[in-house]
Amino acid sequence: MFAVYADSFSADDPLAGLVVGDRPDPEVPDGWTTVTVRAASLNHHDLWSLRGVGLREEALPMILGCDAAGLDEDGNEVVVHAVISSPGWSGDETLDPKRSLLSERYQGTFAERVAVPRRNVVPKPASLSFEEAACLPTAWLTAYRMLFVQGGMRPGDTVLVQGAGGGVSTALITLARAGGLKVLVTSRDEVKRKRALELGAHEVFESGERLPVKVDGVMETVGRATWSHSIKSLRPGGTLVVTGTTSGADLDNAELTRVFFLQLRVVGSTMGTRGELASLVEMLDATGTRPLVDRTLPMDQARDGFAAMAEGDVFGKVVFTR
Ligand SMILES: NC(=O)c1ccc[n+]([C@@H]2O[C@H](COP(=O)([O-])OP(=O)(O)OC[C@H]3O[C@@H](n4cnc5c(N)ncnc54)[C@H](OP(=O)(O)O)[C@@H]3O)[C@@H](O)[C@H]2O)c1
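Right, let's walk through the structure included here. (Residues numbered from 1 in each chain as written. Predicted model: local features only at pLDDT ≥ 70, side-chain atom pairs only at ≥ 80, totals over all residues. Heavy atoms only, no water.)

Here we take up the side chain of Ser 103. For Ser 103, the location among the structural elements is in the loop between β8 (100-101) and β9 (113-117). On the basis of relative accessible area, Ser 103 is assigned to the buried category, the value being 0%. With near-sequence residues (within four places) excluded, Ser 103 lies in contact with His 45, Leu 55, Met 62, Ile 63, Leu 64, Gly 65, Cys 66 and Gly 108. (Helix = DSSP H or I, 4+ residues; strand = E, 2+ residues; numbered from the N terminus. Buried < 20%, exposed > 50% of the residue type's maximum accessible area, 1.4 Å probe, protein only. Contact = heavy atoms within 4.5 Å.)

Structural data, given as structure tokens:
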């Protein structure tokens with residue numbers, strides 16, 4: 001079948017190991033099902049995989065892609081939950097030490113078909129297009145859990161989103177606004193700051209700029225470049241939720257004195273549960289809120305989407321269609 005996959009790793013030139021070609025049909029173990037992919041979306045995770053982060057050499061060749069929406073074996077429209085629990089695990093899948101994401105241990109979604117455990121499909125409402133639904137399982141689910149589960153943000157709270165252009169950042173801005181929060185956003189780029197305002201941010205700031213108020217929560221995906229500013233922006237007792245380190249994980253200053261003196265909470269967050277994905281889908285269905293799509297490409301032109309993300313030239317999600 002047609003597939004977009006990683007054949008080798010390169011830390012400096014991730015696109016060197018990207019192949020648009022053919023792979024065998026997926027194996028379908030007992031209790032699993034096959035989804036015919038209609039749309040899939042790109043995440044930074046796919047670039048990390050091509051750089052050899054989170055993917056083992058023995059697993060190559062590996063079909064990339066965590067996110068998909070498509071048709072199940074009975075023709076129902078579904079969204080795929082990307083977190084694969086180990087057999088027998090019950091409860092919060094994100095706490096399973098043996099969990100994996102599609103494209104890490106099991107073949108990913110940038111293909112004609114993807115095999116997943118039966119419980120990993122969530123019904124897609126007719127109000128969401130396949131392209132919109134394909135944006136949800138990774139970046140949007142991550143943003144949902146950061147804000148409303150791990151961050152405990154409530155309507156009326158003030159939140160700072162670090163970075164404007166990324167898939168997770170744009171999801172955070174949109175969901176925070178839809179959830180009744182006051183939304184402050186930083187970006188290094190003036191054009192992206194303007195676009196964040198159009199997306200629903202109340203106020204925008206240059207990266208590192210001192211904020212006029214202290215915030216209840218900070219949503220952090222950038223890491224080293226913004227960490228210190230994130231800690232300094234919190235009110236006493238505020239919460240920093242961290243889910244990524246795009247600019248690096250080694251901190252110049254962890255700001256530990258502020259953390260204990262101001263009794264800050266630093267909370268990690270990773271992906272989300274199947275139940276949270278179902279709630280996110282229902283939230284979008286009920287509110288009319290929709291993912292921001294930067295560009296939609298036929299899957300055989302996936303390389304162009306990867307290149308745009310590698311260059312930081314995206315605002316919103318890159319979607320591949322079949
Ligand atoms: N733990 C999880 O479950 C999970 C799930 C999804 C994503 N993630 C991680 O979250 C991160 C973001 O993912 P994504 O798909 O949204 O990636 P992305 O699209 O490439 O986003 C990059 C973001 O980082 C900001 N940024 C990058 N370098 C920066 C710097 N030096 N200073 C300030 N801001 C900087 C950009 O903001 P501006 O360009 O606006 O400044 C942009 O908003 C990645 O590291 C990814 O691995 C983790």
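Here the narrative resumes, following the displayed structure.
Once that is clear, we can look at the nonpolar core. One finds Trp 140, Leu 147, Leu 175 and Leu 280 to be the most contacted residues of the largest nonpolar core, which totals 42 residues. For this core, the secondary structure elements donating two or more residues are α2 (130-133), α3 (136-150), β11 (158-162), α4 (167-178), β12 (182-187), α5 (190-199) and α8 (274-287). Of all the elements, α3 adds the most residues to this core, at 8 residues. Inspection of this core shows a minimum of three residues originating in each of domain 1 (2-138 + 271-321) and domain 2 (152-268). The residues contacting Leu 147, other than those within four sequence positions of it, are Gly 152, Met 153, Val 159, Leu 172, Leu 175, Ala 176, Leu 181 and Met 219. (Core = buried A, V, L, I, M, F, W, Y, C linked by side-chain atoms within 4.5 Å. Domains from an automatic or database assignment.)

For the structure on display, the rule yields 5 aromatic pairs. Ring plane angle 90° and centroid distance 6.1 Å describe the contact between Phe 110 and Phe 306, whose orientation is recorded as edge-to-face. Separated by 196 residues along the polypeptide, Phe 110 in the loop between β8 and β9 and Phe 306 in helix α9 (residues 302-310) bring together distant segments of the chain. A residue is classified by how much of its surface remains accessible, and Phe 306, at 0% relative accessible area, is buried. On the basis of an interplanar angle of 80° and a centroid distance of 5.1 Å, the ring pair of Phe 110 and Phe 320 is categorised as edge-to-face. On the criterion of sequence distance, the pair formed by Phe 110 in the loop between β8 and β9 and Phe 320 in strand β18 (residues 317-321) is long-range, its members being 210 residues apart. A relative accessible area of 0% places Phe 320 in the buried class. Through pairs of rings, three or more aromatic residues link up here, namely Phe 110, Phe 306 and Phe 320. The ring centre of Phe 130 lies 4.7 Å from the NZ or CZ of Lys 124, which sits over that ring. (Phe/Tyr/Trp six-rings, centres within 6.5 Å; stacked < 30°, edge-to-face > 60°. Lys NZ or Arg CZ within 6 Å of the ring centre and 35° of its normal.)

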